[in-house]
Amino acid sequence: MIKKKSVVQTFISERFSPLTFSDKVISKEDIRLLFEAARLAPSAFNEQPWKFVYAVKDKPSEFNLLLSFLVEGNRIWAKNAPFIGISLAKLNFDRNNKPNRFALHDVGLAMGGLLAQATSMGLKVHQMGGFSAGAAREGLGIPDDYEPVAMFVIGYYGNPDDLSDDLRKRDQAERKRKPLSEVATRASTDKF
Ligand SMILES: Cc1cc2nc3c(=O)[nH]c(=O)nc-3n(C[C@H](O)[C@H](O)[C@H](O)COP(=O)(O)O)c2cc1C
């Protein structure tokens, strides 16, 4: 049971997307726990439209295949992580084959669970939209009814001093968010 009520829980507040990763590998059991957290997410009609394809650095051919889908600006730092993955969304419902307009939403929810689990385990996740969906589709043989959503790397936080000046500045930059008043408002018909 979580007791503190007046603060955002640390597995949410301590999360950030790093650009540096240590060499430490993620154990098979920890990888299982991360995907177990994703698997438990809620979804429209409990369709669970998510699928994840991943590779660990110990399997270079699989790791380099996933890495090759990234744009260069991401590959340059993502290559140092011990784990890389891609999320996919099944676009039509299993139940009636009609378009599932919640598919991307639900994949995001599953990733949210994975992120919270990862942070609670001392792991960092960096998600990336900068990749070629076409290359991923071809390289992994992804069928038409699945949409590549986002790629991500996971690992333990590394040493920012190992980064180039540009990347270190980005890694260390203050995390900015919109004010809460812009994010959530009371219901009203004349003001959005
Ligand atoms: C769907 C998605 C796509 C993203 N794409 C990239 C990307 O291609 N390259 C990158 O460096 N960061 C990417 N990010 C990370 C965001 O820039 C980052 O989450 C945001 O700036 C907030 O920073 P924080 O995660 O450290 O709090 C992406 C994040 C998400 C959720």
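Residues numbered from 1 in each chain as written. Predicted model: local features only at pLDDT ≥ 70, side-chain atom pairs only at ≥ 80, totals over all residues.

The next point concerns the pairing of strand E4 (residues 146–155). Of all 10 residues in E4, 7 are buried; the element is thus mostly enclosed. Of the pairings in the sheet, the one linking strand E2 (residues 83–90) to E4 comprises 8 bridges and is antiparallel in character. Residue pairing across strands places Ile-84 opposite Val-153, the latter belonging to E4. Pairing of strand E3 (residues 124–128) with E4 involves 5 bridges; the strand directions are antiparallel. (Buried ≥ 20, exposed ≤ 12 C-beta atoms within 10 Å, placed from the backbone. Helix = DSSP H or I, 4+ residues; strand = E, 2+ residues; numbered from the N terminus. Pairing = 2+ DSSP bridges.)

In the vicinity of the ligand, the contacting residues are Phe-16, Ser-17, Asn-74, Gln-127, Met-128, Gly-129, Gly-130, Ala-150 and Arg-175. The residue inventory of the shell around the ligand, partitioned by class, reads 3 nonpolar, 5 polar and 1 charged. (Near = placed C-beta within 6 Å. Nonpolar A, V, L, I, M, F, W, Y, C, P; charged D, E, K, R; others polar.)

This part takes up the environment of Glu-14. Following the sequence through the fold, Glu-14 ends up in the loop between helix H1 (10–13) and helix H2 (28–39). Overall, Glu-14 belongs to the exposed group, with 12 C-beta atoms counted inside 10 Å. Once the C-alpha coordinates of Glu-14 and Glu-182 are considered, the two residues, 168 residues apart in sequence, prove to be 22 Å apart.

Treat this as a map of the structure, not an account of what it does.
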